[in-house]
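Observations on chain architecture
Given next are the chains, with one letter for each unit.
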Amino acid sequence: MKALFYNYPWSMDVPGGGERQMLAYAHHLPSFNVEVDLYDMWKPALDQYQIFHAFSVMPGIIEMCDYAKKRGLKLVVNPNLWITRETRENYPYNGIWNILELADRII
């Protein structure tokens, strides 16, 4: 089985728990016979994968998640998001919900 990992474009510029989790999964899943690649927009090859795994629910990823689903991949979402009382107004909850509704599995 092959899985393609995806995150929002600036995620590795400000890495946090979700990015660490993504890299840990990429390191350990091969021991379970799951081949993992990180998405490279310069070398797209979605037809080589069965799973598209998004490690965020940040605004702007829904289009790529929807595209992967339309290409026949199963969508797994890790909704890594740190919301506090001070930051809760910064997040589009409807957009987050739309990503979660698209998912075949949520971890």
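These figures come from a predicted structure and were not determined experimentally.

Along the chain, the position of P9 falls in the loop between β1 (2-6) and α1 (17-28). Separated by 98 residues in sequence, P9 and I107 have C-alpha atoms that sit 21 Å apart.

If you look at the biggest cluster of nonpolar residues, it comprises 22 residues, and the most contacted ones within it are F52, I61, C65, L75 and V77. Elements represented by at least two residues in this core include exactly β1, β3 (51-54), α2 (62-70), β4 (74-77) and α3 (93-102). Here this core takes four residues from α3, the largest share from any one element. The next biggest cluster of nonpolar side chains, apart from the first, holds eight residues, and it includes V36, I51, F55 and V76.

Glancing now at unusual backbone geometry. A positive phi angle, close to 65 degrees, is found at N33, a residue other than glycine. By secondary structure assignment, the location of N33 is in the loop between α1 and β2 (35-38). Judged by relative accessible area, N33 falls into the exposed class, the value being 65%.

Moving on: the sheet that holds β1. Across the sheet, five strands lie side by side as β2-β1-β3-β4-β5; this open sheet has parallel pairing. At either end of the open sheet lies a strand with only one pairing partner, and these are β2 and β5 (105-106). Direction of pairing for β4 relative to β5: parallel, over a ladder of two bridges. Looking across to β5, one finds that V77 is bridged to I106.

Calculation rules
- Residues numbered from 1 in each chain as written.
- Predicted model: local features only at pLDDT ≥ 70, side-chain atom pairs only at ≥ 80, totals over all residues.
- Heavy atoms only, no water.
- Helix = DSSP H or I, 4+ residues; strand = E, 2+ residues; numbered from the N terminus.
- Core = buried A, V, L, I, M, F, W, Y, C linked by side-chain atoms within 4.5 Å.
- Buried < 20%, exposed > 50% of the residue type's maximum accessible area, 1.4 Å probe, protein only.
- Pairing = 2+ DSSP bridges.

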